[in-house]
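Chain residues, written in single-letter form:
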Amino acid sequence: MKEYGYSIVDAVVDHTATQNDKKPVALASRSEMDRMFLEEAPEKPSDAQEVLDFVLQNVMTQSAIVSHPKSFSFVPGPSNYVSAMADTLATGFNIFSGGWAASPAAAELEIVTLNWLLKIFGFPPKKGGGIFTSGGSMANLTAIVTARRIKCGDDFSKAVIYLSDQAHSSNIKAIRILGFRKEQIRIIPTDIEFKFSINKLKNAIAKDKLEGLQPFCMVATAGTTNTGTVDPLTELSKICKSEGLWFHIDGAYGGAAILAKNGKQLLKGIEKADSLTVDPHKWFFQPYEMGCLLVRNSKWLKNTFTEKPEYLRDVEGNESEINFYDHGVQLTRRFRALKFYMSVKTFGLKAFRKAITYNIEMAERTEALLRKSAYWEVISPATLAVINFRYNPIKEKLGEKELDKLNQYISEKVVGSREALLVTTVLNGQIVLRMCLINPRTTMEHVKETIDLCEGFGAEKLNS
Ligand SMILES: *Cc1c(COP(=O)(O)O)cnc(C)c1O
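All values derive from a computational prediction rather than experimental measurement. (Residues numbered from 1 in each chain as written. Predicted model: local features only at pLDDT ≥ 70, side-chain atom pairs only at ≥ 80, totals over all residues. Heavy atoms only, no water.)

Caption draft 1: Molecular detail of the overall build of the chain. When helices and strands are counted, the chain shows 15 helices and 11 strands. A compact globule built from 464 residues should have a C-alpha radius of gyration of about 23 Å, and the chain, at 24 Å, falls within 12% of that. Burial status across the chain gives 50% buried among its 464 residues. For the chain, the exposed area adds up to about 22,600 Å²; of that, 55% sits on carbon and sulfur atoms. For the chain, the distance from the average site of its 58 positive side-chain charges to the average site of its 53 negative ones is 7 Å. (Helix = DSSP H or I, 4+ residues; strand = E, 2+ residues; numbered from the N terminus. Rg over C-alpha atoms; globule rule 2.2 N^0.38 Å. Buried < 20%, exposed > 50% of the residue type's maximum accessible area, 1.4 Å probe, protein only. Areas by Shrake-Rupley, 256 points an atom, 1.4 Å probe, with all protein chains shown as cover. Lys, Arg positive; Asp, Glu negative; His and termini not counted. Charge placed at Lys NZ, Arg CZ, Asp CG, Glu CD.)

This is how it looks when you write it as structure tokens:
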């Protein structure tokens, strides 16, 4: 067992040490993968080391390296070694993190680490509460169920929910899972800066009220996935307050930036949320899976998720001994708090602050670099470490259609080369390249090399 375990640790450490020299993109097709792996479940055993070697050689090598310094797309997963080992420990001991009686220390560490986060985000430390989830999607779902329960009780036939056209798709998914009809969802167009349009929101709420509907919840975003934009949180909180709406903030992407001075300013107003999603497996550098929902009043979760089946009656415990199965969807839960606890204890919050500040500044330096060039156009400025831009050589005077094709081509060539993961997104109908720079391993050299690679492919296309 030890030998087996040590060879896994060796593999993880070797990968961590050499990942910068590998290619971040994996491009295998279904048929290639089938050829490699498709087989019937074996009746007979195999040698453990052989199975492991096969996996190390063929499975681990056929996945994108999301912690690679040139993995710029979606939201990268920088992770950290201490947390990876903490996850291994939690799995190795197979700790049940559902109820207090099963593992008091696991519940306590969840309380302690949630308290750290409540304090970081300016939530009421005693009354507030939360839960760790599989990710941001599950945290948003948990938030919207809670909002509905607290605001509407059992009858939500007239309930209406508001979100912007830049809100993350997981919110719409959650709304659909919860059985809302299409007529109960208002997607409010964003303004020129991709922010919630206050005027359009106010109009929509007023109209719905006149029609006898029940506006009950608003989902704002603190750091949109597309552009890093933060909605006008303070203004939105005022509207929610005066209209009696639940104020949910989806900070899955950008929330962690509160640890940096240059992020905290942008996130002003985040402390006014009724519920807040943050995603430690993104910019808090935790490995997958770890999301988090914070709420202003811990009782809201309890009143939404508590069920008392007869087989759990002996383990209920007292009020202060939280059973996290009463705070969310899962009964059996892995011990997610451990990795957060161990990594924050080991590195200190200061290291997190430093890394996040570095990330935000690097996106700003990237913007400055692009603005100085006659080949590049910045489409959305560096915000919370996200920047969108396109190849648009001034002297070529290209039209919109040509620019779309050109930038799509550049992205496909870059990904095809496997040198960098850099895909497109669409902003205001334009195809643009998007960089999300939350990896502290990424340096300006990595950025410059990637921009140069893009310029090469751009010139190649123009000359063809
Ligand atoms: C990533 C993200 C989500 C979804 O989180 P998962 O952890 O991928 O489930 C939700 N909202 C925003 C703003 C995100 O960036």
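Caption draft 2: Molecular detail of the pairing of strand β10 (residues 424-427). Here β10 shows a clear split, with T425 and L427 buried on one side and none of T424 and V426 buried on the other. Across four bridges, β10 lies against strand β11 (residues 430-436) in antiparallel orientation. For T424, the partnering residue across the bridge sits in β11 and is L433. The hairpin turn running from β10 into β11, its antiparallel successor, is two residues long, and N428 in that turn takes a positive phi close to 50°. (Pairing = 2+ DSSP bridges.)

Caption draft 3: How the structure looks around the side chain of E110. Following the sequence through the fold, E110 ends up in helix α5 (residues 104-120). For E110, the side chain forms a polar contact with the side chain of R333, separated by 2.9 Å. Once residues within four sequence positions are removed from consideration, E110 is found in contact with S97, I131, F132, F324, R333 and A337. (Polar contact = N/O pair within 3.5 Å; in protein donor to acceptor, adjacent residues only side chain to side chain. Contact = heavy atoms within 4.5 Å.)

Caption draft 4: Focus on the sheet that holds strand β8 (residues 376-383). Here we have four strands laid out as an open sheet, ordered β8-β9-β11-β10, and antiparallel in their pairing. In this open sheet, the two edge strands, each paired with only one partner strand, are β8 and β10. Pairs of neighbouring strands in the sheet enclose a mean axial angle of 35°, with direction left out of account. With five bridges connecting them, β8 and strand β9 (residues 386-391) associate as antiparallel partners. (Axes fitted to C-alpha atoms, helices over the stretch in contact; angles between N-to-C directions.)

Caption draft 5: Local environment of the site of the ligand. In the vicinity of the ligand, 13 residues are found, and the nearest of them are S137, D250, D279, H281 and K282. One of the side-chain N or O atoms of D250 is found 2.6 Å from a nitrogen atom in the ligand. K282 has a polar side-chain atom sitting 2.9 Å from an oxygen atom of the ligand. When the ligand sits alone it has 380 Å² of accessible area, and the protein chains cover 86% of it. Residue composition of the shell around the ligand, grouped by class: two nonpolar, eight polar and three charged. (Near = heavy atom within 4 Å. Nonpolar A, V, L, I, M, F, W, Y, C, P; charged D, E, K, R; others polar.)

Caption draft 6: The arrangement of the packing of helix α13 (residues 349-371) against helix α15 (residues 444-463) in detail. The geometry of α13 relative to α15 is characterised by a closest axis approach of 11 Å and an angle of 35° between their N-to-C directions. Read as a crossing pair, α13 and α15 show a hand that is right-handed. When α13 is examined against α15, the residues M362, R365, T366, L369 and L370 are found in contact with a partner set consisting of M444, V447, K448 and I451. (Left-handed = near helix turned anticlockwise from the far one by under 90°.)

Caption draft 7: Examining the nonpolar core more closely. Formed by 117 residues in total, the largest nonpolar core has its most connected members in F121 and W283. Element by element, the count of residues in this core is highest for α5, at eight residues. Setting aside chain neighbours within four positions, we find W283 in contact with Y253, G254, A256, A257, I356, N359, I360, L384, A385 and I438. (Core = buried A, V, L, I, M, F, W, Y, C linked by side-chain atoms within 4.5 Å.)

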